[in-house]
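# A look at the structure
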Amino acid sequence: MTHVLDPDALSDDARALMAPLPPYDDVTRSDSAFRGFLHGLPGVDQVGAESRVAMLGTRSIKTTSKAWAIDTAISMVDLTTLEGADTPGKVRSLAAKARRPDPGDAACPQVAAVCVYGDLAGVAREALGDSGIHVAAVATAFPSGRASRAVKIADVEDAVSNGADEIDMVIDRGAFLAGRYLDVYEEIVAVKKASGQAHLKVILETGELVTLDNVRRASWIAMLAGCDFIKTSTGKVNPAATLPVSLVMLEAVRDFRAATGRQIGFKPAGGIRTTKDAIKHLVLINETVGADWLDPDWFRFGASSLLNDLLLQRQKLRTGHYSGPDYVTVD
């Protein structure tokens, strides 16, 4: 059975998004065509992927290059709080930290975004003011994605109306694993339409996708559906942002740009806690997709504790000694 959205219910822009860019104009014409395309993508050599990231992980970055890497990583952080106990006060505190990560050093860059639940997006927007820091809101029944499409769309629209200019959605992993690829694609298209001018990051929840081949297929579904970023994880499932998964997703955005001319961003999230973790990802980006992605417009870290370690390592480079843990705030 072929599943299609009603084209009369969509704007011209949304209809344009539904049609994948050349040379993929026809791959979503039916379930069978889409399945054939996705299963025809080159298979992932898991051993090769693990060997590649292990080799790149041995790269050593020192002094000036390390200082640049730390500042670059700070500027790429989506500073995140996604707890049931989140309060407006906690979000305001997080926003203050996002604006001045190191109050004792005005030269320290601010982060890229603050990521919160949609009902707190307005608090974050007001607290961030004209700083230029984005407000990212998770939506579509995060983190499970278990809700009707109408509920998911309402969730997105509420977050945008509250002030979010970035939406982090979760795909329906149940539909994906059942092979209902066109359903997953159509839902992303619908969420992109509901997001309006907000950038859309599509969370694959790679820890539930079982194989690296599935990670590649899910990445292509999201990109063909018109997303602005692909993102590894919600941070609520283990494993989350592993380096082999990041490699496969980076290869996907690289290949997609080569084929279509459209650049897609990438956001690993979950389990990235140390400066060493962050630098390994920056090396992986540079060696896999190139310097074009070494920019907050195209790469983000979804993190909470990572920023503190980056600040402590930055202080060590600046002063020659480590500060105590009370040098940074506990979020």
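Only a predicted model underlies this, so the values are computations on that prediction, with no experimental measurement involved. Each chain has its residues counted from 1, running along the sequence as written. Confidence filtering applies because this is a predicted model: local features only for residues at pLDDT of at least 70, side-chain atom pairs given and counted only at 80 or more, and all residues used for totals across whole chains, interfaces and linings. Computation of side-chain values: all heavy atoms of the structure, hydrogens and water removed.

## A few points about the confidence of the model for the protein chain
Rules: A score from 0 to 100, pLDDT tells how confident the predictor is in each residue. The contact rule is simple, with two residues in contact once any of their heavy atoms fall within 4.5 Å.
Mean pLDDT over the protein chain: 92, with 92% of residues reaching 70 or higher. Between residues 1-18, whose pLDDT stays under 50, and residues either more than four places distant or in other chains, the model counts 30 contacts.

## Remarks on empty space enclosed by the protein
What counts here: Site definitions follow a grid-based scheme: protein atoms alone, a 1 Å grid, a 1.4 Å probe that fits but cannot get out for cavities, and for pockets an open set with protein on both sides within 12 Å along at least five of seven lines, plus lining residues having an atom within 4 Å of a point. Grid points are joined across faces, edges and corners, and a volume is the space filled by probe spheres set on the points. Think of it as three bins: nonpolar holds Ala, Val, Leu, Ile, Met, Phe, Trp, Tyr, Cys and Pro, charged holds Asp, Glu, Lys and Arg, and polar takes everything else, Gly as well.
Scanning all chains against the criterion turns up one cavity of 30 Å³ or more. Considering only enclosed or pocket space, the largest cavity measures out at about 30 Å³ in volume. What lines the largest cavity is simply Leu-38, Leu-41, Pro-42, Gly-43, Asp-213, Arg-216 and Arg-217. Of the residues assigned to the lining of the largest cavity, the class counts are three nonpolar, one polar and three charged.

## What to know about unusual backbone geometry
Let me state the cut-off plainly: Helix and strand definitions here come from DSSP, where helices need a minimum of 4 consecutive H or I residues and strands a minimum of 2 consecutive E residues; each element is numbered from the N-terminal end.
Following Phe-142, the chain continues to Pro-143 via a peptide bond in cis, the omega torsion being 0 degrees. Relative to the helices and strands, Pro-143 resides in the loop between β3 (134-139) and α7 (149-162). Note the cis peptide between Asn-238 and Pro-239, where omega equals -5 degrees. In this structure, Ala-141 is a non-glycine residue whose phi angle is positive, near 60 degrees. Tracing the chain through its elements places Ala-141 in the loop between β3 and α7.

## Considering helix α13 (residues 306-319)
Rules: Take the number of residues in a helix, subtract one, and multiply by 1.5 Å to get its expected span.
The terminal C-alpha atoms of α13, which comprises 14 residues, lie 20 Å apart, in line with the 20 Å expected from a rise of 1.5 Å per residue. Buried residues in α13 make contact with α4 (63-75), β1 (77-80), α5 (88-99), α12 (275-288) and β8 (301-303). Positioned one or two residues after α13, Gly-320 has a phi angle of 90 degrees, which is positive.

## Some words on α12
Counted only if it meets this: For every residue, the accessible area (1.4 Å probe, protein chains only) is compared with the maximum for its type, and the residue is labelled buried under 20%, exposed over 50%, or partly exposed between those bounds.
Along its 14 residues, α12 runs 20 Å from first to last C-alpha, staying within 8% of the 20 Å computed at 1.5 Å per residue. If you check which residues of α12 are buried, you get Thr-275, Ala-278, Ile-279, His-281, Leu-282, Val-283, Leu-284, Ile-285 and Thr-288. Packing partners of the buried residues in α12 comprise α3 (46-56), α4, α11 (243-260), β8 and α13. Looking one or two places after α12, you find Gly-290, whose phi comes out positive at around 100 degrees.

## Looking at the environment of Ala-85
Among the secondary structure elements, Ala-85 is positioned in the loop between β1 and α5. Residues Ala-85 and Ala-258, spaced 173 residues apart in sequence, show a C-alpha to C-alpha distance of 44 Å.

## Quick look at the packing of aromatic side chains
What counts, and what does not: Only centres within 6.5 Å qualify two rings of Phe, Tyr or Trp (six-membered ring in Trp) as a pair; their planes then separate them into stacked at under 30 degrees, edge-to-face at over 60, and tilted for everything else.
This model, assessed by the stated rule, comprises nine aromatic pairs. Relative to Trp-220, the ring of Phe-37 has its centre 5.9 Å away and its plane inclined at 70 degrees; by these criteria the two rings are edge-to-face. Of this pair, Phe-37 sits in helix α2 (residues 31-39) while Trp-220 sits in helix α10 (residues 212-224), and the two are 183 residues apart along the sequence. Of the two residues, Phe-37 and Trp-220, both sit in the buried class. For the ring pair Trp-220 and Phe-256, a centre distance of 5.5 Å and an interplane angle of 75 degrees mean the geometry is edge-to-face.

## As for the packing of α11 against α12
What counts, and what does not: Simply put, an axis is a line fit to the C-alpha atoms, just over the touching stretch for a helix, and the angle between two N-to-C directions goes from 0 to 180 degrees. Each angle gets one of four labels, with under 35 degrees taken as roughly parallel, over 145 as roughly antiparallel, 65 to 115 as roughly perpendicular, and the rest as oblique. Two helices cross in a left-handed way if the nearer one is turned anticlockwise from the farther one by less than a right angle. They cross in a right-handed way if the turn is clockwise.
Two elements in contact, α11 and α12, have axes whose closest approach is 10 Å; the angle formed by their N-to-C orientations is 30 degrees. Considered as vectors, α11 and α12 are oriented roughly parallel to each other. Every pair of crossing elements has a handedness; the one defined by α11 and α12 is right-handed. Across the interface between the two elements, Leu-243, Ser-246, Leu-247, Leu-250, Glu-251 and Arg-254 of α11 pack against Lys-280, His-281, Leu-284, Ile-285 and Thr-288 of α12.

## Notes on the side chain of Lys-152
Checked against the element boundaries, Lys-152 lands in helix α7. What makes Lys-152 buried here is its relative accessible area of 0%.

## Let's talk about the nonpolar core
Selection rule: Each nonpolar core is a collection of buried residues, namely Ala, Val, Leu, Ile, Met, Phe, Trp, Tyr and Cys, held together in the definition by side-chain atoms within 4.5 Å.
Core analysis: the largest hydrophobic core is formed by 99 residues, its most contacted members being Phe-34, Ile-188, Trp-220 and Phe-301. In this structure Phe-301 touches Ala-73, Met-76, Val-77, Asp-78, Lys-267, Pro-268, Ile-272, Ala-278, His-281, Leu-282 and Leu-306, once residues within four positions along its chain are discounted. The next biggest cluster of nonpolar side chains, apart from the first, holds seven residues, and it includes Leu-82, Cys-115, Val-138 and Ile-203.

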